[in-house]
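Letter by letter, the chains look like this.
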Amino acid sequence: MGKRTPGAGVMPPMGDAGAVDQDLVKRVQRGDKTAFDLLVRKYQHKVIKLVSRYVYDPSDAHDVAQEAFIKAYRALPGFRGDSAFYTWLYRIAINTAKNHVAARNRAPVSSVSEFGNEDSEVDFSARLSDIDTPEALLLTDEVRRTILSAIDALPQDLRTALILREIEGMSYEEIAKTMECPVGTVRSRLFRARDTIDAELKKIEGLT
Amino acid sequence: MNDKTTQSGSTKQQLGQSIDTDTEFAADMSAWMDGELTGGRARLVAQGMTADASRRSQWARYHLIGDVLRDNLPASGIVDIASAVRAEIDKDESTPRVSRMPLAGHPRAWGLAASLILASVILVNSWQRPGSSTVDVAARPDTTAPVAVATAADVEPDRADTSELDQYLRNHTLALVDTGEPARMLPYLSMAESAVEPVSAIAP
């Protein structure tokens, strides 16, 4: 039941969530593609954020993150679980991002031509509209506001359980000790907290 | 993450046998994502997620809550790349995976491998020249043929082998030329031709 180490970017968010990853990895290795979908949905924001440290253009960052996940999927048959899945994915994402930056630096002509000739300009604007960053930012703001205000509106015990779990990375047992309640109660409080926030999230248009 | 995909009746029925309601399933999923659910129920949750897209969306929203609290959202905003990744994976698997073969897509490697095989065939042939085959045949207890006849008979198939080999090499070289590959087998072809000369010389 490991706690998060502050600043340790390689660490997965939760200690025991690694067991879930391991389970999902095994499923992927047995040919279950939807299990990989769950891993992508779990880590996509974290990976995009990580890649964005190297690749500043948002559309490129999304492409690189996507490429990293595809590389991970292709390499998964050889993944033996010597390290945590996220640690492994983290390395793939970093390498993919670094390779992208190196390839971009090796091709200065293409980056000039991006702005220099008409065809490339069309291509560039098409990419911008594909990503639609302003809309994504608006959506993100709305999601963030919705989640934070829903947490504010939660009863104290649900809010505390959620914060201890999501921010402090405590196990159910640790939360139970801290809040002086049975583990079953922690489980139920966490679910009720998530379910209440989820009900608000479902109302947001465009959240796919 | 509003999911429009509806759950199939059979899946619901199957899951309903062990996890009674959607609420109970969601409660189990919440514990599972925290690594606090194990055994049979964890397996049921995993199966339920695989079978139901709306539950996968719920999983994504539950993780989104954690991402917001831990400030894990990228500055560029929320983007769902899961479907793009899935599409790419599906596309990947619909095309033949020849690249998984060790030498696929490497004509030079194939050429080198073929040359090595060829060289060893020539080498083995040159070792099995009349002297050794005479000994082999003579050494066989059930052989009734005279030694001299055995030697001549042994040479004939040898000559046939080399002509087949020549033909193979020519075809291979022509095929390489046809496909635009440089005719890398030509030096080996001439080497093989010179190697067969002594065989013809011994033949009566």
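As a convention, each chain's residues are numbered from 1 in the sequence order in which they are written. Chain letters start at A and ligand numbers start at 1, both assigned in the order the entries are written. Local features in this predicted model are restricted to residues whose pLDDT is 70 or higher, and side-chain atom pairs enter the listing and the counts only when it is 80 or higher, whereas totals over whole chains, interfaces and linings include all residues.

S.K.: Tell me about the overall build of chain A, and please be specific about residues and values.
M.R.: Across its full length, chain A holds 10 helices and 0 strands. Between the buried cut of 20 or more and the exposed cut of 12 or fewer other C-beta atoms within 10 Å of a residue's own C-beta lies the partly exposed class, and all C-beta atoms are placed from the backbone. For chain A, the residues scored as buried account for 35% of the 208 residues in total. Once C-beta atoms have been placed from the backbone, residue pairs whose C-beta atoms lie within 7 Å are recorded as contacts. Partitioning the contacts of chain A with sequence separation of at least 6, the portion at a separation of at least 24 is 61%. In this description a helix means any DSSP run of H or I spanning at least four residues, a strand means any run of E spanning at least two, and both kinds are numbered starting from the N terminus.

S.K.: Could you give me a rundown of the confidence of the model for chain B, with the residues and numbers involved?
M.R.: Residues and elements named next belong to chain B. Confidence of the prediction at every residue is given by pLDDT, a number between 0 and 100. Confidence along chain B averages 67 in pLDDT terms, with 47% of residues attaining 70 or more. Across chain B, helix α4 (residues 53-69) holds the top mean pLDDT of 95, while helix α9 (residues 186-202) sits lowest at 44. Low pLDDT (under 50) marks residues 1-13, which in the prediction has 17 contacts with non-local residues, meaning those over four places away or in another chain. Overall, residues 182-204 carries pLDDT values under 50, and its contacts beyond four positions in sequence, including any with other chains, amount to 36 contacts.

S.K.: Account for the interface of chain B and chain A, naming residues and giving values.
M.R.: At the interface, 44 residues of chain B touch 55 residues of chain A. Broken down by element, the side of chain B that touches chain A gets its largest block of residues, 13 residues, from α4(B).

S.K.: Tell me about the nonpolar core, and name the residues and values.
M.R.: Residue and element names in this part refer to chain A. Buried Ala, Val, Leu, Ile, Met, Phe, Trp, Tyr and Cys residues form a nonpolar core when they are connected through C-beta atoms within 7 Å. If you look at the biggest cluster of nonpolar residues, it comprises 67 residues, and the most contacted ones within it are V47, V51, A65, L89 and A93. The leading source of residues in this core is helix α2 (residues 33-51), at 10 residues. In this structure, V47 is in contact with A65, A68, L89 and A93, ignoring residues within four places of it in sequence.

S.K.: Describe unusual backbone geometry, with residues and values.
M.R.: Even without a glycine there, the phi angle at E180(A) is positive, about 55 degrees. Residue placement: E180(A) occurs in the loop between α9 (172-179) and α10 (183-201). Even without a glycine there, the phi angle at D71(B) is positive, about 55 degrees. Tracing the chain through its elements places D71(B) in the loop between α4 and α5 (82-94).

S.K.: Tell me about helix α2 (residues 22-33) of chain B, residues and numbers included.
M.R.: Residue and element names in this part refer to chain B. Take the residue count of a helix, subtract one, and multiply by 1.5 Å to get its expected span. A rise of 1.5 Å per residue sets the reference length of α2, with its 12 residues, at 16 Å; its end C-alpha atoms lie 16 Å apart and thus fit the reference within 8%. The buried count for α2 comes to 9 of 12 residues, which makes it a mostly enclosed element. Considered for burial, the residues of α2 that qualify are F25, A26, A27, D28, M29, S30, A31, W32 and M33.

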